[in-house]
Amino acid sequence: MRYRGEITVFLSLTLICVLSLVLGLVESARTAGARLYLRMASDSAVSSVMSYYNRNLWDRYQLLFLEYESEAAIKETFGRYLDFYLEQANMYPARRKNVTLSGMSRMVDENGRWLEEEIAAYMKYRFPELAVSGSGVLKEAEQVKKAGDFHTLYDSCCGSGRSVRRLEKAGQAVEKSLKTIEETREKLCDAADEERAAAFKRHAAVLKRELKGFPGLVKQFQKELERLETENKKMDSGQLEDETASGTLGQEISTCNEVVKSAKERLDGYLQNETQTERNLELLEEACGLLDMESDAEDEEEEETEWEQISQCVEEMENLESVDSGPKDKKKAAAVDRLEELFDKELLDILLPAGTAISQNAVSLKGIPSASKYQNDTESSDTEGTGLLEAASRQMAVNAYVPLYFSSFLKENESEPSALRYEMEYLLAGKKSDRENLKDAVNQVLTLRGAMNLLFLLNSPDKKAEADALAAAVAVGIVPAQMALSFFILTLWAFGEAVLDVKMLLAGGKIPFWKTEGTWKTCLSGLLDQSFLKETGECSGDGRTYTEYLSCLIFLMDRKTRNFRMMDLIQWNIRTEQADFSVANCAYQIEIEAEVLQKHMFFQKEEYKGTVYVAGSY
């Protein structure tokens, strides 16, 4: 009997096809599983790498940053953890080929943006209200921005007022010289007519001194005029959002323009007088020469002839007219001058409570983050990639974080070692010693309080009238400067009130952000006689503390400068426990690209390459 194998062959071929299909499906599923396994292994490996955050940084500042020695160390650590998964005996055989660090965001990158992100993330859990969307954050930011507008107005009024005062004093000096020249010339004429040689020589010496000094006085007047004109061009009321501040600054600019215009007209007259003084000096020199010749002559007729020539020289001198340029009330003018001198001095010792010992801590500013190359990174907008509310919320979160983890004059951190004791003051000033930082920060608080006090004075008709009356009394009258001086007197008054405010703040008290008639303490008469310095106020339960005013100023400062100065303090303080710590080696996020060679289990093919991109952040 003959056997046939058709069925066997058919079944064999069919079985091969079925097995190939099944194994192909299994391999496909295994390949998909291998990709998932590689993704899981990479995620786990990068998470393990990110677990190497600096513990000292977390313990002291609640900030999570990966501290690394080098980029190669990061790749080596990632590769070691990835190899642990790839070396396991399973359905996904593979081996690592290459690891590349494709990106990294450090604390110092993007002007400290990632430091802000870490702080905001922490504060969101500590103070959930900071993360709530709404008008609260924007309203607070708007109030602080308004304070910034009046801060600008205060600086402008104070600067232009001082310039106008200097211009008036320079003009007063010129007018005084003109008056002295004319009075001395008349005395010289009388001495020549009466042929009194000794008197003539005495008056000639005075006149010669005045004539030679006159060009210098005119030059000083011109210099002060140019300074006022330059400062006035820098002022721009359009940069202020608050209507009151913008309108007031506009009036100040307009007034200064009138002052400049009038002063230029007067300068033209002074320059003409300067030409005349040169001719007068020549005639005076000629008359003095004739007098010397006359003293040696023996002939009486020749003597008479010489005195006639001397008188003729004196009479040919040009008459230089002057105007009465003195203030109406010299006592008040002198009081304003003394007040200016007082406010130009260092006030720190006056403002501090009696017996206060100032910290003498100091540091070196070499090699710190704020002085490094990272400060030169391109400036990025605070709202880039984020909404206005989110950006304001992040900045308010940073502002709330600062007083919690950085000390100040009234909130020193004695439990942990610190390079500087007044850290919030360093954020504002950036100086190398506690004393310098305290001095600068107190001056900034003074200016801020002066700005808010100026807002109150501008809205008080009675006090504005007092300032106008004082400006009319102390104005020299050379240029139409009364309105500019009125603004200047208001800034002095506001600053005097600010002195009392800051004394209260440094004593641990509170001062309301917006003043009222009930909270205003300084009168104009007390300001002029400086008796206001002896005043003491009761500590109020309402208002803001010294630390809160520092926070307000920190909110107004450039965020890039603030962020890098925070890094300075963080690096100094962490180095008290870890000498080699550097914020430049602290990463917020890393991006890694890993190339892996994988094997098929059911295909007779060579290894194939797989690539995975993974990122880790806090």
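Small disclaimer: the values here were computed from a predicted structure and weren't measured.

Undergrad: What is the right way to read the pattern of salt bridges from this model?
TA: Oppositely charged side chains can form a pair if their charged atoms are brought close together. Scanning the entire structure with this criterion turns up 33 salt bridges. The residue glutamate 110 makes a salt bridge to arginine 113 at a minimum N-O spacing of 3.3 Å. One salt bridge connects glutamate 282 with arginine 279, and the closest N-O pair in it is separated by 3.6 Å. Here glutamate 282 pairs with arginine 279, and both are found in helix H7 (residues 243-296), just 3 residues apart, close to one helical turn. With relative accessibility at 41%, the residue arginine 279 sits in the partly exposed group. Here the salt bridges do not stand alone but share partners, grouping Arg162, Arg165, Lys169, Asp337, Glu340 and Asp344 into one network.

Undergrad: I keep staring at helix H6 (residues 197-234) and nothing clicks. Help me out?
TA: It helps to recall that an α-helix has 3.6 residues per turn; residues three or four apart then point in one direction. With 38 residues, H6 extends 56 Å between its outermost C-alpha atoms, agreeing within 8% with the 56 Å of an ideal straight helix rising 1.5 Å per residue. Of all the bends in H6, the greatest, near 35 degrees, is centred on glycine 213, and the proline proline 215 appears no more than four residues after it.

Undergrad: I tried to follow the environment of arginine 565 on my own but got confused; where do I start?
TA: Within the secondary structure, arginine 565 is located in helix H18 (residues 559-574). Apart from the residues lying within four places of it in its own chain, the contact partners of arginine 565 are Tyr426, Leu427, Leu428, Ala429, Gly430 and Met557.

Undergrad: For this particular structure, what's the right way to read a negative patch on the surface?
TA: A cluster of acidic residues, Glu183, Glu186, Asp190, Asp193, Glu195, Glu286, Glu308, Glu315 and Glu316, forms a negative patch on the protein surface. Mapped onto the negative patch, the elements with two or more residues apiece are helix H5 (135-193) and helix H8 (300-316). With 4 residues, H5 is the largest single contributor of residues to the negative patch. By secondary structure assignment, the location of glutamate 315 is in helix H8. Looking at glutamate 315, the relative accessible area reads 54%, which means it is exposed.

About the criteria used
- Per chain, residues are indexed from 1 in the order of the written sequence.
- The predicted origin of the model limits local features to residues at a pLDDT of at least 70 and limits the giving and counting of side-chain atom pairs to 80 or more, whereas totals for whole chains, interfaces and linings rest on all residues.
- Side-chain numbers come from the whole structure's heavy atoms, not from hydrogens or water.
- Salt bridge, as used here: a side-chain nitrogen of Lys or Arg that lies within 4 Å of a carboxyl oxygen of Asp or Glu.
- Numbering of helices and strands runs from the N terminus, with a helix taken as a DSSP run of H or I at least four residues long and a strand as a DSSP run of E at least two residues long.
- Throughout this description, buried means an accessible area under 20% of the type-specific maximum (1.4 Å probe, protein chains only), exposed means over 50%, and partly exposed covers the range between.
- Expected helix span is given by 1.5 Å per residue-to-residue step, counting one fewer step than there are residues.
- To get the bend at a given residue, fit one axis to the seven residues ending there, fit another to the seven starting there, and take the angle between those axes.
- The contact definition used throughout considers only heavy atoms, calling two residues in contact when any of these lie within 4.5 Å.
- In this analysis, a patch consists of residues with relative accessible area above 30% that form no salt bridge, clustered at 9 Å for like charges and at 5 Å for the nonpolar side chains Val, Leu, Ile, Met, Phe, Trp and Tyr.
- The Shrake-Rupley method, run with a 1.4 Å probe sphere, supplies the accessible areas, and residue values consider only the shown protein chains as cover.
- Charge assignment: positive for Lys and Arg, negative for Asp and Glu; neither His nor the chain ends contribute.
- Lysine's charge is taken at NZ, arginine's at CZ, aspartate's at CG and glutamate's at CD.

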